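Survey of secondary and tertiary structure
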Amino acid sequence: MYAQMVDTGAKRVRAAEEMDADERAFQERIDRGVKIEPKDFMPEHYRKTLIRQISQHAHSEIVGQLPEGNWVTRAPTLKRKAILLAKIQDEAGHGLYLYSAAETLGISRDQMLADLHSGKAKYSSIFNYPTLSWADIGAIGWLVDGAAIMNQIPLCRCSFGPYARAMTRVCKEESFHQRQGYDIMIALCRGTPEQKAMAQDALNRWWWPVVMMFGPPDEQSVHSAQSAQWKIKLFSNDELRQRFVDQTVPQAEYLGLSIPDQALKWNAQRGHYDFGQPDWNEFFEVIKGNGPCNRDRLATRVKAAADGAWFREALVAHAAKHQAPQAQKAA
Amino acid sequence: MDAAKPAAPFEYLLRLGDNALVLSQRLSEWCGKGPALEEDMALTNVALDLIGQARLWLSYAGELDSAGAGRSEDELAFLRDAGEFRNLLLVEQPNGSYADTLMRQFLFDAWHALALRELAASADPRVAEIAAKAQKEVAYHLRRSSDLVVRLGDGTEKSRAMMQAALEQLWPYTGEMFQGDALDRDAAASGAGFDPAGLRAPWLDYVGEVLAEATLKQPPAEAWMHSGGKQGRHTEKLGFLLAEMQFLQRAYPGARW
Ligand SMILES: [Fe+2]
Ligand SMILES: [Fe+2]
C-alpha cells in the first residue's frame, strides 16, 4: 500500500498485563472507538509507528507525482492534459494534508523530507515502476488509485484523529482519479488496434506491481497484529488484496483486457477469485532500492529540493527583513 | 456575419490561444519538481487556468477557421507546425531556473492582465466573454508573480542575482508584446481587438514599480528587442516543445483518446 511494511517496533502484540496503567487506558479508548488526538497520551511506539506510516504515505503522494508528470507534457488532448494536471495537483495536496497530520505527532516536514532524501524513509514500491506509454496513465488511475482507495477508505475510521480526517478528504479525490483513469482505458480499448494493444501492455506491466502494493502475505507481516490492535491498520494485506482482485476482474472484462495471471479463476465456493502469487522477491528488491526507477525518482526529488533551496531561503530572508520592524513595534 | 458585431480574425485568436497554450505547456514541465510543495500546487493552478483559456480561444478560432471545415481545439494544438504558431517569443523561452520561470511569468502576466482588460471590452461578444473570464484568473496570476518577484528580488544576495539575471535574459523578448502589425490594426479598427502600442506605457509603469520594490534594476526600455513570434517566426525552442507536446497525435494519426 502507500504505507508498506510499517515497523511498529514490536514483533508481537503486548498483552494487557504487560502494559502500564496509561497504556491500558489508551488501548481501552481505542477499543471503544474513541479517536486519539495529538494532545492525548499515546505510547511512544504508537507515535513512532504513526509517524512512519503517515510520512510514508505522504512521501508516496509526492513521489507519485513523478511517473504521471512524465506524461503530462505529452498528454494526447488538451482535455486529458488538464485532467492529468489537476490530478497531479491533487496528489501534491494529499501530500500536504498528510505531512500536516504527521506534524501533529511532533516531527517537522523538513525532517520528514530529509529522511526521504537520505533514503531512511520509504515510499510505496509502486512508484518505482516506469510509465512507458500513455496507457500507463490510465492504468495508474484505474489500478493504483483503485488499490489506494481499498486501503484508505478503512483508514478514514483509524484511531488517530488527524490521520482519519486527512484520509476522508483524500478518499473523495482518489475515487475521481480512479474513474478518470478508467475512462482513459475505455477510450483506448474502444480505439484503434494499436491503442488497445497499448492498454493491454500497460495492464500486463502494472498488474503484478499493483497486487504487491498491498504488502507481503499475512503470514509474513510481522507488524500487522500490533497495527491492527492500535486500529491504524483495519484489514490485513491479504484481505485487501482479495477485495481488490474481486473488484478489478469484472472491470478488466468490461474493457476486453485479460489479466496476466494463469491462476486467476472464480471460486464459487469461496465467492471470491482465486489468483496467483506475485514474485515477492521482486517486491523486496524494489523496497531495497533496486526497482527500475528507484534511483531516478529519488534523485529527481533530491535535485528539486536542492535546486529550490535558494528560493526557500530567500522567502525566509525577505520575511525576516520585513517583519522585524513590526516585531520591534509590538515589543 | 452580423455587421454590427465584428468577429476577431482567426489568426488574432490563435495569438491569444497560443500564448496561453505554450506557457501552460512550459509550466507543466515543472510538475512535481518545484522548490516547495505549495509552490508546485500554485504553479499547477496557473498552468490549469492557462490551458483552460487556451481551449476557449482555440475552440473559437477553430469555428472561424476559413482554411478547413472548422478545426477542433486539439487539431489546432496538436497538428500545426511551429511556423503556424502565433505565440509571443517570451512564452516559449525555456523554464531555466525557477527564477527564470517566475520572471517570465511576471513579465507576461503584467501584459496579459492589460491585454485582457482591453479584450473584455471587445466588440466581438465571444472575445469579450472569454477575456472577462480569463481576466479574473490572470489578476490572481499577476498578484502572485509580482509578490514573488518582490520577495525574491529583495530576499538574499543570491536570489537577487538570480532574479536580476533572469530579468536581463528575458527583457529583449518583451518588446514584441507592444509591436502592432496589420492584423492588430485591423482588429483594433473593427473594435474586436486593441492597439498593442497603447499597453506599453502602463506596462512599463507597473513593471517598473514592482522591480523597484524588488530592488532589481530595470533594463533600458529602449533596448533592442526580438520579434517574430506573432507572425510565426519563432526561436529554436518552440520546435522541441511541440515535438514533445504533439507526439501522440503525430504518432497515431486519427486515433481518438
Ligand atoms: Fe493521492
Ligand atoms: Fe490519486
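See above for the structure.
Residues numbered from 1 in each chain as written. Chains lettered and ligands numbered in written order. Predicted model: local features only at pLDDT ≥ 70, side-chain atom pairs only at ≥ 80, totals over all residues. Heavy atoms only, no water.

Attention now goes to the side chain of A:Glu61. Residues and elements named next belong to chain A. With respect to the helices, strands and loops of the structure, Glu-61 is situated in helix α2 (residues 44-63). Despite its burial, Glu-61 pairs with no opposite charge, the nearest such side chain being Lys-87 at 7.3 Å. A distance of 3.3 Å separates a polar atom in the side chain of Glu-61 from a polar atom in the side chain of His-94. (Helix = DSSP H or I, 4+ residues; strand = E, 2+ residues; numbered from the N terminus. Buried < 20%, exposed > 50% of the residue type's maximum accessible area, 1.4 Å probe, protein only. Lys, Arg positive; Asp, Glu negative; His and termini not counted. Salt bridge = Lys/Arg side-chain N within 4 Å of Asp/Glu carboxyl O. Polar contact = N/O pair within 3.5 Å; in protein donor to acceptor, adjacent residues only side chain to side chain.)

Glancing now at the interface of chain A and chain B. On the chain B side, the residues contacting the 47 residues of chain A number 49 residues. Between chain A and chain B, roughly 4,100 Å² of surface is buried when both sides are summed, and carbon and sulfur atoms account for 70% of that area. Salt-bridge contacts for B:Asp154 lead to A:Lys321; the nearest nitrogen and oxygen are separated by 2.8 Å. Put simply, chain A and chain B have 16 residue pairs in polar contact (both at pLDDT 80 or more) between them. Those elements giving two or more residues to the side of chain A that touches chain B turn out to be α3 (65-72), α4 (78-103), α7 (161-189), α8 (193-213), α12 (294-307) and α13 (309-330) of chain A. (Contact = heavy atoms within 4.5 Å. Buried area = accessible area lost by both parts, 1.4 Å probe.)

Residues and elements named next belong to chain A. Only Glu-91 (OE), Asp-145 (OD), Glu-174 (OE) and His-177 (ND1) from the protein coordinate the iron ion (ligand 2), and they sit 1.9 to 2.2 Å from it. One way to put it: the 4 donor atoms around the iron ion (ligand 2) meet at angles of 88 to 153 degrees, and that makes the site irregular. Sequence spacing among the residues donating to the iron ion (ligand 2) works out to E-x53-D-x28-E-x2-H. Separating the iron ion (ligand 2) from the iron ion (ligand 1) is a distance of 3.4 Å, and Glu-91 supplies a donor atom to each of them. Taken as a pair, Glu-174 and His-177 lie in helix α7 at a separation of 3 residues, close to a single helical turn. (Donors = N, O, S within 2.8 Å, 3.2 Å for Na, K, Ca; no water. Tetrahedral: all angles 85-135°; square planar, octahedral: opposite > 155°, others 65-115°.)

What follows concerns unusual backbone geometry. Positive phi outside glycine occurs at A:Lys231, with the angle close to 55 degrees. Secondary-structure assignment places A:Lys231 in the loop between α9 (224-229) and α10 (237-255). With a relative accessible area of 26%, A:Lys231 lands in the partly exposed category. Located in the positive-phi region is B:Thr215, a residue other than glycine, with phi close to 60 degrees. Mapped onto the elements, B:Thr215 comes out in the loop between α9 (200-213) and α10 (237-245).

Before going further, it helps to examine the coordination of the iron ion (ligand 1). Binding of the iron ion (ligand 1) to the protein goes through A:Glu61 (OE), A:Glu91 (OE), A:His94 (ND1) and A:Glu174 (OE), at separations of 2.0 to 2.2 Å. Donor residues for the iron ion (ligand 1) sit on one chain with the sequence pattern E-x29-E-x2-H-x79-E.

Turning our eyes to something else, we now look at the environment of B:Arg185. Mapped onto the elements, B:Arg185 comes out in helix α8 (residues 182-190). Along the primary structure B:Arg185 and B:Pro35 are separated by 150 residues, whereas in three dimensions their C-alpha atoms are 42 Å apart.

As a further point, take the pattern of salt bridges. What the rule picks out here adds up to 29 salt bridges over all chains. Here B:Glu73 makes a salt bridge to B:Arg55, at a shortest N to O gap of 2.9 Å. Taken as a pair, B:Glu73 in helix α3 (residues 73-78) and B:Arg55 in helix α2 (residues 37-64) lie far apart in primary sequence, 18 residues in all. Linking B:Lys230 and B:Asp184 is a salt bridge whose minimum nitrogen-to-oxygen distance equals 3.0 Å. Of the two residues, B:Lys230 sits in the loop between α9 and α10 while B:Asp184 sits in helix α8, which places them 46 residues apart along the sequence. Each member of the pair, B:Lys230 as well as B:Asp184, is classed as buried. Salt bridges sharing partners connect three or more residues here, namely A:Glu68, A:Lys87, A:Glu91 and A:Asp145.

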